[in-house]
Amino acid sequence: MWKGRAAAYERGFARLAAHTADALLDAAHVAEGTEVLDVGTGPGTVAAAARRRGAHVKAVDAEPQMVEMAGRNVPGLDVQLALAQELPFPDAAFDAVVGNFMINHVGEPERALAEMRRLLRPRGRLALTCWPLPGSKAQSIVNDAMEQAGVFWTEKIPTTPFFTHGNPVAYRGLVAAAGFSDATVDEVLWEHVVDPADWWAGPMAGVGSTGYVLTRQDDATIARVKEAYDEQAAAYAIEDGLVALPARALLAHATR
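## Observations concerning the overall build of the chain
For the chain, the count of helices and strands is twelve helices and seven strands. Its C-alpha atoms give the chain a radius of gyration of 18 Å, near enough to 18 Å, the size a compact globule of 256 residues would have. Taken along its principal axes, the extent of the C-alpha atoms in the chain is 55 × 35 × 30 Å. Every one of the 256 residues in the chain was classed for burial, and the buried ones make up 51%. Partitioning the contacts of the chain with sequence separation of at least 6, the portion at a separation of at least 24 is 74%. In the structure as shown, the chain presents an accessible area of about 11,500 Å², 51% of it carried by carbon and sulfur atoms. Charge centroids of the chain, computed over 23 positive and 32 negative side chains, lie 6 Å from each other.

As structure tokens, this is what we get:
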């Protein structure tokens, strides 16, 4: 679902995801000199933040356009094309492994966690954010508008195991079951301030499962969804035509 959508993701959802970058790095104890791997780097937001701390950063992503984008956004970044389940590095290569909203897109999270644990040195740190289910308004507003307009998902929509792991108890259990110690899940809350037209543009470009569904509707249905979206967005309006949408994430962190 992500093929060809890197630019649309960077303009939209990546800005929401960027909020947790520093909390993620703090949880992984990333500081000057830390050897860190950023898994699912996307546009390179977390890699750039780690660089600013003086860390030595490598990165991977499974989407070729994301790899190109990260290399462009973070000049000199060692970024490779790779799946989280098959990371191309030797055992115990890193002090920290981080992933910002990538584990919820992985079809085999247990295998990915085993790979990340393999790459960590003894007492190395893991930190991973994920979107919870049910999601906050920042995540769900277009879905809510589709439901209001009478658009319902079909069984053909791709899903991942995080439709069951997206809560603190299950998420912590998943990390602990992979062999990590001191597994903890924290909740991160914030308001995502955005132009509602920009927020609508992401799903209309086909980003994520929401965009997958929305862009397969006819013009009349999309118009109904947009009307419902505008109505819901108005409830969160602030100055200058912007909206402040409540956002929520789960941050798991643990020790090798």
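## Considering the side chain of Thr 129
In this fold, Thr 129 is placed in strand 5 (residues 120-130). A distance of 2.6 Å separates polar atoms of two side chains, one belonging to Thr 129 and the other to Asn 100. Not counting chain neighbours up to four residues away, the residues in contact with Thr 129 comprise Thr 20, Leu 24, Gly 99, Asn 100, Phe 101, Met 102, Ile 103, Asn 104, Tyr 171, Leu 250 and Leu 251.

## Observations regarding the sheet that holds strand 6 (residues 181-194)
Strand order in this open sheet of seven strands is 3-2-1-4-5-7-6, and the pairing throughout is mixed. Both edges of this open sheet fall to strand 3 (78-81) and strand 6, since each of them pairs with a single strand only. For this sheet, the mean inter-axis angle between neighbouring strands, taken without regard to orientation, is 20°. Where strand 1 (residues 35-39) meets strand 2 (residues 56-61), five bridges bridge the pair, whose relative direction is parallel. What sits directly across from Val 36, in strand 2, is Val 57. The sheet strands contacting helix 5 (residues 64-73) are strand 2 and strand 3, and the helix crosses strand 3 at an angle near 175°. Lying on the sheet, helix 7 (residues 137-148) is in contact with strand 6 and strand 7 (243-255); it crosses strand 7 at an angle near 125°.

## Concerning helix 9 (residues 168-177)
For helix 9, the complete set of buried residues consists of Tyr 171, Leu 174 and Val 175. The buried residues of helix 9 all sit within an arc of 95° when viewed along its axis, so they share a single face. Turned more than 90 degrees off the buried face of helix 9, the exposed positions are Val 169 and Ala 177. Where helix 9 terminates, the next one or two residues include Gly 179, which has phi positive at roughly 100°.

## Quick look at the packing of aromatic side chains
Enumeration according to the criterion identifies four aromatic pairs in this entry. Their ring planes at 10° and their centres at 3.7 Å tell us that Phe 101 and Trp 131 sit as a pair that is stacked. In this pair, Phe 101 is assigned in the loop between strand 4 (94-100) and helix 6 (109-119) and Trp 131 in the loop between strand 5 and helix 7, connecting sequence segments 30 residues apart. Taking the relative accessible area as the measure of exposure, Trp 131 reaches 10% and is therefore buried.

## Some remarks on the pattern of salt bridges
The tally for this structure, following the rule as stated, stands at eleven salt bridges. Among the salt bridges present, the one from Asp 230 reaches Lys 226, with a minimum N-O distance of 3.0 Å. Of this pair, Asp 230 and Lys 226 both sit in helix 12 (residues 219-234), four residues apart, which is roughly one turn of that helix. Using a relative accessible area of 37% as the deciding quantity, one classes Asp 230 as partly exposed.

## Details of the pairing of strand 1
Counting buried residues in strand 1 gives four out of five residues, a clear majority hidden from the surface. Each parallel crossover has a hand, and the one from strand 1 via helix 4 (residues 45-52) to strand 2 is right-handed. Two elements, strand 1 and strand 4, share three bridges in a ladder whose sense is parallel. The partner of Val 36 across the bridge, within strand 4, is Ala 96.

## Focus on the nonpolar core
Counting 51 residues, the largest nonpolar core has Val 30, Val 36, Leu 77, Val 98 and Val 225 as the members making the most contacts within it. Setting aside anything within four residues of it in sequence, one finds Val 36 in contact with Val 30, Ala 50, Ala 55, His 56, Val 57, Lys 58, Phe 94, Ala 96 and Val 98. Phe 89, Leu 174, Val 175 and Ala 254 belong to the second largest nonpolar core, which has 30 residues in total.

Basis of the calculations
- Residues numbered from 1 in each chain as written.
- Predicted model: local features only at pLDDT ≥ 70, side-chain atom pairs only at ≥ 80, totals over all residues.
- Heavy atoms only, no water.
- Helix = DSSP H or I, 4+ residues; strand = E, 2+ residues; numbered from the N terminus.
- Rg over C-alpha atoms; globule rule 2.2 N^0.38 Å.
- Buried < 20%, exposed > 50% of the residue type's maximum accessible area, 1.4 Å probe, protein only.
- Contact = heavy atoms within 4.5 Å.
- Areas by Shrake-Rupley, 256 points an atom, 1.4 Å probe, with all protein chains shown as cover.
- Lys, Arg positive; Asp, Glu negative; His and termini not counted.
- Charge placed at Lys NZ, Arg CZ, Asp CG, Glu CD.
- Polar contact = N/O pair within 3.5 Å; in protein donor to acceptor, adjacent residues only side chain to side chain.
- Pairing = 2+ DSSP bridges.
- Axes fitted to C-alpha atoms, helices over the stretch in contact; angles between N-to-C directions.
- Arc of directions from axis to C-beta.
- Phe/Tyr/Trp six-rings, centres within 6.5 Å; stacked < 30°, edge-to-face > 60°.
- Salt bridge = Lys/Arg side-chain N within 4 Å of Asp/Glu carboxyl O.
- Right-handed = clockwise from strand over helix to strand, strands pointing away.
- Core = buried A, V, L, I, M, F, W, Y, C linked by side-chain atoms within 4.5 Å.

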